[in-house]
Amino acid sequence: MTAKPKRRVVRRAATRARKSRALAVAAPREAEPGARVRILVAALQVFAEHGFDGARTREIAERADANLGLIKYYFGSKAKLWEAAISLAFLDLQNELGDAIAPPAGEGADERVRLERFLRRFVNFVARRPEFMRMMNDEGKRDGPRMRWLADHYVRPMNEAVRAMLERAAAQGITPAISPAILHYIALGAAGLVFSQAPECKYVTGVDPTSDAFAAAHADALVRLLLPVSPATA
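Residues numbered from 1 in each chain as written. Predicted model: local features only at pLDDT ≥ 70, side-chain atom pairs only at ≥ 80, totals over all residues. Heavy atoms only, no water.

A. Looking closely at the pattern of salt bridges. For the structure on display, the rule yields 17 salt bridges. Ionic pairing is found between Arg63 and Glu49, a salt bridge with its closest N-O pair at 2.8 Å. Of this pair, Arg63 sits in helix H3 (residues 57–64) while Glu49 sits in helix H2 (residues 35–54); the two residues are 14 residues apart in sequence, bridging distant segments of the chain. Of the residues examined, Glu49 reaches a relative accessible area of 48% and is grouped as partly exposed. Note that Arg128 and Glu96 form a salt bridge whose closest N and O atoms lie 2.5 Å from each other. Residue Arg128 is found in helix H6 (residues 111–128), and its partner Glu96 is found in helix H5 (residues 78–97); the two are separated by 32 residues along the sequence. What emerges from the salt-bridge pattern is a single network uniting Arg112, Glu116, Arg120 and Asp220. (Salt bridge = Lys/Arg side-chain N within 4 Å of Asp/Glu carboxyl O. Helix = DSSP H or I, 4+ residues; strand = E, 2+ residues; numbered from the N terminus. Buried < 20%, exposed > 50% of the residue type's maximum accessible area, 1.4 Å probe, protein only.)

B. Region of the structure containing the environment of Ala48. Of note, Ala48 is situated in helix H2. Using a relative accessible area of 13% as the deciding quantity, one classes Ala48 as buried. Through-space distance from the C-alpha of Ala48 to that of Phe132 is 7.2 Å; in sequence the pair is 84 residues apart. If near-sequence neighbours (up to four positions away) are discounted, Ala48 is found in contact with Glu131, Arg134 and Met135. (Contact = heavy atoms within 4.5 Å.)

C. Structural view of helix H7 (residues 130–140). Among the 11 residues that make up H7, 8 are buried, leaving the element largely enclosed by the rest of the structure. Buried within H7 are the following residues: Pro130, Glu131, Phe132, Met133, Met135, Met136, Asp138 and Glu139. Close packing links the buried residues of H7 with H2, H5, H6, helix H8 (145–171) and helix H9 (180–196).

D. Layout of the packing of aromatic side chains. Tallying each qualifying case throughout the model produces 10 aromatic pairs. Note on Phe118 and Phe122: the rings are 6.4 Å apart at their centroids and 10° apart in plane angle, and the pair reads as stacked. Here the residue Phe118 and the residue Phe122 both occupy positions in helix H6, the gap between them amounting to 4 residues, near one helical turn. Look at Phe118 and you get buried, because its relative accessible area is 11%. With relative accessibility at 8%, the residue Phe122 sits in the buried group. Clustering of aromatic rings is evident, with ring pairs tying together Trp82, Phe90, Phe125, Phe132, Trp149 and Tyr154. (Phe/Tyr/Trp six-rings, centres within 6.5 Å; stacked < 30°, edge-to-face > 60°.)

E. A look at the confidence of the model for the chain. Summary statistics for the chain give a mean pLDDT of 84 and a share of 80% for residues scoring 70 or more. The element-level mean pLDDT for the chain is lowest in helix H1 (residues 3–26), coming to 50, with H3 highest at 96. Confidence over residues 19–27 falls short of pLDDT 50; this stretch has 3 contacts with residues more than four positions distant or in other chains. Across residues 230–234 the pLDDT falls below 50, and counting only partners more than four positions away or on other chains, this stretch makes 9 contacts in the model. (pLDDT = per-residue confidence, 0-100.)

As structure tokens, this is what we get:
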């Protein structure tokens, strides 16, 4: 074998060795406890703060205290990470709402009790998770593939359930006789805007809307405004 082929063999071997070392450094720790959920929680926060295009996976990994390689390992891409973070947030919301959004058990079901329970639980959720409302507001303001994915998978099914509840309530004279679509967005804005804009609220009014006391008072006010009848026990 001449000197030139030998040098090529040596270079190829050195290249393979460097690649092997690089892969070993970047390899994710599969069994790292809780890393996937930490990444999803951090991802929702970063997407809410910077938008999809401005969010960086490195910042998400740092905030989650996780190996950057785990994001690719678990999710494959930034878009799939966004979808998984949204899915986790809606799963948490559905767990929070529980039976408040389920169809009534019978004709004698008290719609007002169910509506009040729904409003209070929704306020409680967005007070604890303001990043949810920020992300929803950001994605909902433009017509694009992420908005449509979000609407098709989560917003539309939940909207249909809430619409049915509002229609039953209107038929019983519990809510004002206005379009359920209008009432839905009035309630959505009234419930979540202050938490979405918590920094502004705190700066302008000196009130911290993230406190438990504020969230409880906010829910009380929302119930009085939207369900102006004697309060029912939630």
